[in-house]
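Here's the letter readout for the chains.
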Amino acid sequence: MRRKEFRDLADPEDAHEAIASLDLRPDDETVPLRESRGRVLAERVDADLDVPGFDRASVDGYAVTARDTFGADEADPVRLELVGEVHAGAEPDVEVGEGECAEISTGAVLPPGADAVVMVERTDREDDEVLVRTSLAPGDRVMFAGADVAAGERALGPGTVLTPREIGLLSALGVDEVPVRGRPTVGIISTGDELVRPGEALDSDAGEIYDVNSYTTATAVEEAGGEARLYPHAGDDYEAMESVLREAAAECDLVLSSGSTSASAVDVIYRVVEEAGELLLHGVAVKPGKPMLVGRLQDSAYVGLPGYPVSALTIFRTFVAPAIREAAGLPEPETATVEGEMAVRERYAEGRLRYMPVGLVSDGDGNTLVYPVDKGSGATTSLVEADGVVAVPPDVEYLEAGERVEVQLFSPEVRPPSVFGAGEDDPALSRVLDRVSRPRYLGVGTRQGRRRLRDGVTDVAVVTGDGTPGDATELGGWTREWGLVVPDGNPTGVENLVDLVDDDLRFVNRTTDAGLRTTLDDAVAALADDRGVDRHELVEAVDGYEFAVRAHESPARKVLSGSADAGLGLRVTADRLGMDFVPCGDEPVRVLASDDRLEKRGVQRLRDAVVDAADVLDDLPGYGPL
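Residues numbered from 1 in each chain as written. Predicted model: local features only at pLDDT ≥ 70, side-chain atom pairs only at ≥ 80, totals over all residues. Heavy atoms only, no water.

Caption draft 1: Quick peek at the overall build of the protein chain. Summing up its helical and strand segments, the protein chain has 16 helices and 36 strands in all. The dimensions of the protein chain, computed from C-alpha atoms along their principal axes, are 105 × 55 × 45 Å. Here the protein chain holds 626 residues, and the buried ones make up 51% of them. Of all intrachain contacts in the protein chain linking residues separated by at least 6 positions in sequence, the fraction that spans at least 24 positions is 73%. As presented, the protein chain carries roughly 28200 Å² of accessible surface, and 45% of it is formed by carbon and sulfur atoms. The distance from the centre of the 62 positive side-chain charges to the centre of the 122 negative ones in the protein chain is 4 Å. (Helix = DSSP H or I, 4+ residues; strand = E, 2+ residues; numbered from the N terminus. Buried < 20%, exposed > 50% of the residue type's maximum accessible area, 1.4 Å probe, protein only. Contact = heavy atoms within 4.5 Å. Areas by Shrake-Rupley, 256 points an atom, 1.4 Å probe, with all protein chains shown as cover. Lys, Arg positive; Asp, Glu negative; His and termini not counted. Charge placed at Lys NZ, Arg CZ, Asp CG, Glu CD.)

What follows is the structure, given as structure tokens:
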């Protein structure tokens, strides 16, 4: 009987390309949040509400009006009348007036009239009076609504693997169903007349052996993110082989067989593939695993693995597992522990063992850098931004920049983001980032974005204003229209910034780290020059100028709630929320990259996405090219 010879052996790269050319990706689906662990987000998830949804106390103590405490210290305390108490989980039934305070628990809603909380440790109680022994500023010991996650903010992007960290964040946002990438269904067929399934009687005298490959391959498929489906093993008979292969091809995205791929006269599987579909290659120049098949069966992809279990698993992990992970949207696996260098100096001298939350980023040479992540124990987003922890012994006062540390990863799947950035919270940027695989971005404002780029922590910074550092390169950018966001119909008749100064309007500002705040400060300074007065005089004339919130939609949300007449914001925000908008000008938004990270693939992909962002800008009111 004539033996079938192997075709010309393909290079391993050709095998990778052949498998990559097969379409393994199933349709996306929506699953309950409780069942989403390990799945991959198919779409961006934006926050539809603020977290927390109210201004809340961050310590036990007393809710006060900050101006009542000015000048107070240990030697000369301020006496305030105690007018009630507020507990966590209850709506306040008390209002704090001038010279008054209310007892408050951690996590409780800040009562009307109060704008700060004094720690109980800095007070004394005398009957119905409280002696406050420290001065406070507005916002002290208060977590404002949206301080953790702000409504309208990008929460998680497509391609995010859902671990307990991300599921916790989605839970905080009230999400109960999530759109995820489908898992490719993989049919597994072991071939050979000698195979017997575990649990069945084995006749060793007849040369029978237990089927090892079905179970090991199925487990490897599930580990790679696929759904394994076992089929009855097929003997070396053409009709039986064709029947089971066609059945699997009709039901699965990928069919895997093991055995019957050698040039033996009784091996018929390559003929089945040729006649029922298309054989792309037969044989790969790799050891182990030379007898490998790649092809198509009906509408399904097909890969034939070697018969020996070790060879089959080696070939699967080398060639097939990456394709399954790609179809499922999963990243390449990482070990549970990695080593890296501290990106910045981190001081610590509390004399206790510390598990420091850290993130990972690669520098321009591919080395792993480790940076501290800490937004406070109450912040859900710290879990998403941190990749693991570094155990800092009690006797270590600081970790130097460049010092080698060991990171205990939260998950073996964790790896550094393809590109890491920080800076402005911007709607156009959120959409641009959707076009980059595995980005990480921190909306911490222009000031912090520049600092982190300068310190070598991030690859890119997204900033407003002019001026590029000498060690950075501009990748591109856009302009956005800024101004005052007011209720629909503009009931107070706001026309420009002058009205904030001259009229009795309640205003909500952005934090000083935001580039938009700097743009407003510059406009107020220009107005002061026109009037021949000091800028601080105009700032003090605006009710709420120092009342600052973090994200781009936060001021508008305050206006919508009725707690302010106008807020600093963008035209796109007013349009999205159905509000009126008073334009004040345009400001540039620029994406800057560290010069020594320009060759990173993720930075290059971000640059391409920024350059090709015209359609994004067209879809956003008030946006245009730089």
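Caption draft 2: Looking closely at the side chain of N509. For N509, the location among the structural elements is in strand 32 (residues 507-510). The class for N509 is buried, based on a relative accessible area of 0%. Among the polar contacts made by the side chain of N509, one reaches the main-chain carbonyl oxygen of Y545 at a distance of 2.9 Å. Filtering out sequence-adjacent residues up to four positions away, N509 remains in contact with R517, L520, G544, Y545, F547, A548, V549, P555 and L568. (Polar contact = N/O pair within 3.5 Å; in protein donor to acceptor, adjacent residues only side chain to side chain.)

Caption draft 3: Layout of the packing of aromatic side chains. Under the definition given, this model contains three aromatic pairs. A centroid spacing of 5.4 Å and a plane angle of 85° characterise the contact between F144 and F547, whose relative ring orientation is edge-to-face. Placement of the pair is F144 in the loop between strand 10 (142-143) and strand 11 (154-156) and F547 in the loop between helix 12 (535-541) and strand 33 (548-549), with a sequence separation of 403 residues. Across the ring face of Y398, the terminal group of R345 is positioned such that the distance to the ring centre comes to 4.0 Å. (Phe/Tyr/Trp six-rings, centres within 6.5 Å; stacked < 30°, edge-to-face > 60°. Lys NZ or Arg CZ within 6 Å of the ring centre and 35° of its normal.)

Caption draft 4: Quick peek at the environment of G225. Here G225 shows up in the loop between helix 3 (213-223) and strand 16 (227-230). C-alpha separation for the pair G225 and R325, spaced 100 residues apart in sequence, amounts to 5.8 Å. Here G225 is in contact with R183, P184, I324, A328 and L330, once residues within four sequence places are set aside.

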